[in-house]
Amino acid sequence: RTVYLNGSFVPFEEARIPIMDRGFLFADGIYEVSAILDGRLVDNEAHLARLDRSLGEIGIRNPYPTDAWIRLETELVARNDLREGLVYMQVTRGVAERDFAFPAADTPPSVVMFTQKKSIIGNPLAETGAKVVTVEDLRWKRRDIKSVALLAQVLAKQAAAQAGVAEAWMVEDGAVTEGSSSTAFIVTTDRRIVTRPLSTALLPGITRAAVLRLASEENLTVEERLFSVEEAYAAAEAFYTSASAFVMPVIALDDRAIGAGQPGPLTRRLRDLYIGMARGA
Ligand code: PLP
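Residues numbered from 1 in each chain as written. Predicted model: local features only at pLDDT ≥ 70, side-chain atom pairs only at ≥ 80, totals over all residues.

### What to know about the overall build of the protein chain
Right, on to step 1. Helix and strand counts for the protein chain come out as 8 helices and 15 strands.
Right, on to step 2. Taking 19 Å as the expected radius of gyration for a compact globule of 281 residues, we find that the protein chain reaches 19 Å, a close match to that expectation.
Right, on to step 3. Its C-alpha atoms give the protein chain principal-axis dimensions of roughly 55 × 40 × 35 Å.
Right, on to step 4. Restricting the contact set of the protein chain to residue pairs at least 6 apart, pairs at least 24 apart contribute 71%. (Helix = DSSP H or I, 4+ residues; strand = E, 2+ residues; numbered from the N terminus. Rg over C-alpha atoms; globule rule 2.2 N^0.38 Å. Contact = placed C-beta atoms within 7 Å.)

### Observations concerning the domain arrangement of the protein chain
Right, on to step 1. Per the domain assignment, the segments of the protein chain are domain 1 (2-117) and domain 2 (124-280).
Right, on to step 2. Relative to domain 2, the C-alpha centre of domain 1 lies at a distance of 26 Å.
Right, on to step 3. At the junction of the two partners, domain 1 supplies 21 residues and domain 2 supplies 13 residues.
Right, on to step 4. Secondary structure elements with two or more residues in the side of domain 1 that touches domain 2: β3 (29-37), α2 (44-57) and β5 (85-92). (Domains from an automatic or database assignment.)

### Some thoughts on the site of the ligand
Right, on to step 1. In the neighbourhood of the ligand, 13 residues make up the surrounding shell, with L203, G205, I206, T207 and A243 lying closest.
Right, on to step 2. When residues of the shell around the ligand are assigned to their parent elements, the largest contribution, 3 residues, is made by helix α6 (residues 206-217).
Right, on to step 3. In terms of residue class, the shell around the ligand is built from 4 nonpolar, 7 polar and 2 charged. (Near = placed C-beta within 6 Å. Nonpolar A, V, L, I, M, F, W, Y, C, P; charged D, E, K, R; others polar.)

### Re the nonpolar core
Right, on to step 1. Of all hydrophobic cores here, the largest spans 59 residues; its most connected members are V132, A168, F185, I186, A238, M248 and V250.
Right, on to step 2. It is strand β14 (residues 246-253) that provides the largest number of residues to this core, a total of 6 residues.
Right, on to step 3. A domain-level breakdown of this core finds at least three residues from each of domain 1 (2-117) and domain 2 (124-280). (Core = buried A, V, L, I, M, F, W, Y, C linked by C-beta atoms within 7 Å. Buried ≥ 20, exposed ≤ 12 C-beta atoms within 10 Å, placed from the backbone.)

### So, unusual backbone geometry
Right, on to step 1. Although it is not a glycine, D254 sits at a positive phi angle of roughly 50°.
Right, on to step 2. Its 14 C-beta neighbours within 10 Å are what place D254 among the partly exposed residues.
Right, on to step 3. Notably, D255 is not glycine yet its phi reads approximately 70°, a positive angle.
Right, on to step 4. Topologically, D255 is positioned in the loop between β14 and β15 (256-257).

### A closer look at α2
Right, on to step 1. With 14 residues, α2 should cover 20 Å at 1.5 Å per step; its first-to-last C-alpha distance of 20 Å lies within 8% of that length.
Right, on to step 2. All of the buried residues along α2 are N44, H47, L48, R50, L51, S54 and L55. Projection of α2 onto a plane perpendicular to its axis shows the buried side chains occupying an angular sector of 160°, all on one side.
Right, on to step 3. At the exit of α2 stands G59, carrying a positive phi of roughly 75°. (Expected span 1.5 Å × (residues − 1). Arc of directions from axis to C-beta.)

### Describing the sheet that holds β5
Right, on to step 1. One open sheet accounts for 6 strands, arranged β2-β1-β6-β5-β3-β4; its pairing is antiparallel. Two strands bound the open sheet, and with one partner strand each, they are β2 (8-11) and β4 (40-42). Along the sheet, successive strands turn relative to each other by an average axial angle of 30°, direction set aside.
Right, on to step 2. The sheet contact formed by strand β1 (residues 2-5) and strand β6 (residues 110-117) spans 2 bridges and is antiparallel. Across the sheet, the residue bridging to Y4 is M113, located in β6.
Right, on to step 3. Its contacts with the sheet put helix α3 (residues 66-79) on β1, β2, β3, β4, β5 and β6, and the angle it makes with β6 is roughly 40°. (Pairing = 2+ DSSP bridges. Axes fitted to C-alpha atoms, helices over the stretch in contact; angles between N-to-C directions.)

Next up, the structure:
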């Protein structure tokens, strides 16, 4: 397995980060995840645009222009002979003696990239549908930044694991904010696709944007507004989206069946449309 570390492709076992890396000490860094399908990157330029924006929002210099990122990702995918899975990218504010304030401006950011093999299309969960539990959203106020400070999401996902389910939906003031690593959607009994609008209070999901685009091309009704946990319990369908899950049907929330308790027809259609887009891209 080959990974990318600060300018070189190196064997996984040899890749090391200094203990003074600010990613390690302060979670002072940004990450991105792009899917690979049929050996090709899915919607990758949108992920790289979000990476650039996240870095800019916290004042870390983007080490590479977009075309260089794409060349590095493509080479990493080829070196690992990856057909289906994920490319993980992380940029931190670099290595410096421990101090909360930024280090000297000439401190080079640390860059890490690795691939993970994963079956996305054939994921059995997409056939059966995923169960989800709700947890309190414990995160900070700039959730639009894809920060590596993920403690609240770690605890949320662990609560899901302990409940024996695939994902946790985080809740604030009675409304669903997001999944721990995904965007949350419901479909109402009158066939409206509902997901909350973009703001600094959630991550602008790249898969979310693609699904909304595909839904409107199909003349499906989309409503960008908050929805409550109660409304989700009573929904006809529910699903979540992410680069690693694509469109994942939700069949139960807190042990209450959603709709018929199986993946809904609109959800299946959106998943198929998304896969078609990913394959054709
Ligand atoms: N929301 C959160 C909190 C996430 O962590 C993620 C992905 O990791 C998403 C949404 C989905 O974003 P995307 O579709 O860009 O993968």
